[in-house]
Amino acid sequence: MERFFCPNCKCFYPIQPARWRCDCGSYLDLEFESKFPIQKILKRSPSLWRYREAIPIHSNASILSMDEGFTPLEEIEFDGSRVFIKIDYLFPTGSYKDRGATVLISKMKEWGVQKVVEDSSGNAGSAIAAYCAKAGIGCEIYVPQYTSSGKLIQIQAYGAAFKKVEGSREKVAERAMEAASKIPYASHCWNPFFLHGTKTFAFEVWEQMDWKAPDTLVLPIGHGTLFLGAHLGFRELKEAGRIKGIPKMVGIQSASCAPLYQAFKRGWRETRPIEKSVRLETEEETIAEGIAIAEPVRGKQILEAIRETDGEVLAVTEKEIKAALKKMGRKGHFIEPTSAATIAGLGKYLRKKRRKETVVSTLTGMGLKSAGKML
Ligand SMILES: Cc1ncc(COP(=O)(O)O)c(C=O)c1O
Ligand SMILES: [Zn+2]
């Protein structure tokens, strides 16, 4: 039986749209058993829905799909090393968030939900808005003042109502949570169905690497929805006996807003409000708007995934992010600054690594949406 599970107080809840956190205040996980019938997978079209038996949607009629996913895994030369980069800006809305949105909004459709609310720095909002448009589900997105205009226009184009909120990203989330007392909360950080979409990143990498797991993953962390999704995906593959071990999870944050970097370095089990020295090295807002998350909802879970896999967190400066943005442009990839932060972190990781290992990283968002900011 599928049900929601609280990793904090260990209680269970039936699955229903209004339930987005535990009564103890914690985030929830989903109990679900994935299966991986390789012969069936191979016969299906190249989208993330080819892993159908691992995605918790009951009826095929509920699936909202634009043939998203199965993005290229490109092998490139990077500072003298060979690395694999998953080109995840090649999604219908221009970011990897479609992985989570296609699954979460399919679930909302299966539930018969008429309207949802979400908060986002822009990309998750665009993805949720697009799939709601496809489903005919009403959609309200709360965004911070600093969101790139390209993302705001995109949210509007899908017919969603957007509400700009002054102040921090956390203030934006508070406003959405107030609205979520009446309207189902399609939250990419709280709702575990989103992670059951982002986990397809792991399945694709596994298939593209000849049904093997890489040694190391280098991924961005804001709220950690790709990071945790990838970890969940590899964990499911291991539990199903398809791989031997889960890759080492290396997370990248902007030095201007690095609560996980701080918590990891100091050996804390949970994140704490970030100190000024860790928040702002340069007294400037980070251009990596997608990972400017001071209070990640699933901070504890992220730290557990890092420690369990002998991973680490690296922080990158604004100067390093800008250099990485230019560098990827010269390799033919026009990405947004948030994605450039991952690449700056990848460079840092590769300079440190001692052993020969297979490293997979990603380009999460396309550059056009942030062109104004980059100018
Ligand atoms: C392009 C891009 N990359 C990475 C991230 C980080 O995702 P998460 O907050 O789930 O860690 C975001 C989040 O908005 C994003 O927009
Ligand atoms: Zn609980």
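1. Section: the overall build of the protein
No. 1: From N to C terminus, the protein includes 14 helices and 12 strands.
No. 2: Computed over C-alpha atoms, the radius of gyration of the protein comes to 19 Å, within 12% of the 21 Å expected from 2.2 N^0.38 for 375 residues, which places it in the range of a compact globule.
No. 3: Referenced to the eigenvectors of the C-alpha coordinate spread, the extents of the protein come out at roughly 50 × 50 × 40 Å.
No. 4: The buried share of the protein, taken over its 375 residues, is 59%.

2. Comments concerning the coordination of the zinc ion (ligand 2)
In an ideal octahedron of six donors the angles at the metal are 90 or 180 degrees, and in an ideal tetrahedron of four donors they are 109.5 degrees.
No. 1: Protein-derived ligands of the zinc ion (ligand 2) are Cys6 (SG), Cys9 (SG), Cys22 (SG) and Cys24 (SG), with the metal-ligand distances lying across 2.2 to 2.4 Å.
No. 2: Seen from the zinc ion (ligand 2), its four donor atoms lie at angles of 103 to 118°, and the figure they make is tetrahedral.
No. 3: In primary-sequence terms, the residues that donate to the zinc ion (ligand 2) follow C-x2-C-x12-C-x1-C. Of this pair, Cys6 sits in the loop between strand E1 (3-5) and strand E2 (12-13) while Cys24 sits in the loop between E2 and strand E3 (29-31), and the two are 18 residues apart along the sequence.
No. 4: The exposure class assigned to Cys24 is partly exposed, which follows from its relative accessible area of 38%.

3. Some thoughts on the side chain of Glu140
No. 1: Summarising the element assignment, Glu140 is placed in strand E7 (residues 138-144).
No. 2: The class of Glu140 is buried, set by a relative accessible area of 11%.
No. 3: At 3.0 Å, the side chain of Glu140 and the side chain of Lys115 are in polar contact.
No. 4: Residue contacts for Glu140: discarding those within four places in its chain leaves Lys115, Val116, Val117, Glu118, Ala161, Lys163, Ala179 and Ile183.

4. A word on the pairing of strand E4 (residues 73-78)
No. 1: Relative to strand E5 (residues 81-87), E4 is paired through six bridges, and the arrangement is antiparallel. Within E5, the position partnered with Glu75 by the bridge is Phe84.
No. 2: If you look at the hairpin formed by E4 and E5, you'll find two residues sitting between the two strands, and Asp79 has a positive phi there, around 50°.

5. Some words on the confidence of the model for the protein
No. 1: The pLDDT averaged across the protein works out to 95; a share of 98% of its residues lies at or above 70.
No. 2: Mean pLDDT values for the elements of the protein range from 55 in helix H10 (residues 276-279) up to 99 in helix H7 (residues 200-208).

6. With respect to the sheet that holds E3
No. 1: With respect to topology, three strands assemble into an open sheet ordered E2-E1-E3, the strand pairing being antiparallel. Of all strands in the sheet, those bounded by a partner on one side alone are E2 and E3.
No. 2: Relative to E2, E1 runs antiparallel, the two sharing two bridges. Among the inter-strand pairings, Phe4 is bridged to a residue of E2, identified as Tyr13.

7. Notes on the site of ligand 1
No. 1: Taken together, 18 residues form the shell around ligand 1, and within it Asn123, His223, Gly224, Thr225 and Thr364 come nearest.
No. 2: Between an oxygen atom of ligand 1 and a main-chain N or O atom of Gly222, the distance comes to 2.8 Å.
No. 3: One of the backbone nitrogen or oxygen atoms of Gly224 is found 2.6 Å away from an oxygen atom of ligand 1.
No. 4: Here ligand 1, which alone exposes 390 Å², has 98% of that area covered by the protein.
No. 5: Where the shell around ligand 1 is concerned, the elements lending two or more residues are helix H8 (225-239) and helix H13 (337-352).
No. 6: Among the residues forming the shell around ligand 1, the class breakdown is five nonpolar, 11 polar and two charged.

Conventions adopted
- Residues numbered from 1 in each chain as written.
- Chains lettered and ligands numbered in written order.
- Predicted model: local features only at pLDDT ≥ 70, side-chain atom pairs only at ≥ 80, totals over all residues.
- Heavy atoms only, no water.
- Helix = DSSP H or I, 4+ residues; strand = E, 2+ residues; numbered from the N terminus.
- Rg over C-alpha atoms; globule rule 2.2 N^0.38 Å.
- Buried < 20%, exposed > 50% of the residue type's maximum accessible area, 1.4 Å probe, protein only.
- Donors = N, O, S within 2.8 Å, 3.2 Å for Na, K, Ca; no water.
- Tetrahedral: all angles 85-135°; square planar, octahedral: opposite > 155°, others 65-115°.
- Polar contact = N/O pair within 3.5 Å; in protein donor to acceptor, adjacent residues only side chain to side chain.
- Contact = heavy atoms within 4.5 Å.
- Pairing = 2+ DSSP bridges.
- pLDDT = per-residue confidence, 0-100.
- Near = heavy atom within 4 Å.
- Areas by Shrake-Rupley, 256 points an atom, 1.4 Å probe, with all protein chains shown as cover.
- Nonpolar A, V, L, I, M, F, W, Y, C, P; charged D, E, K, R; others polar.

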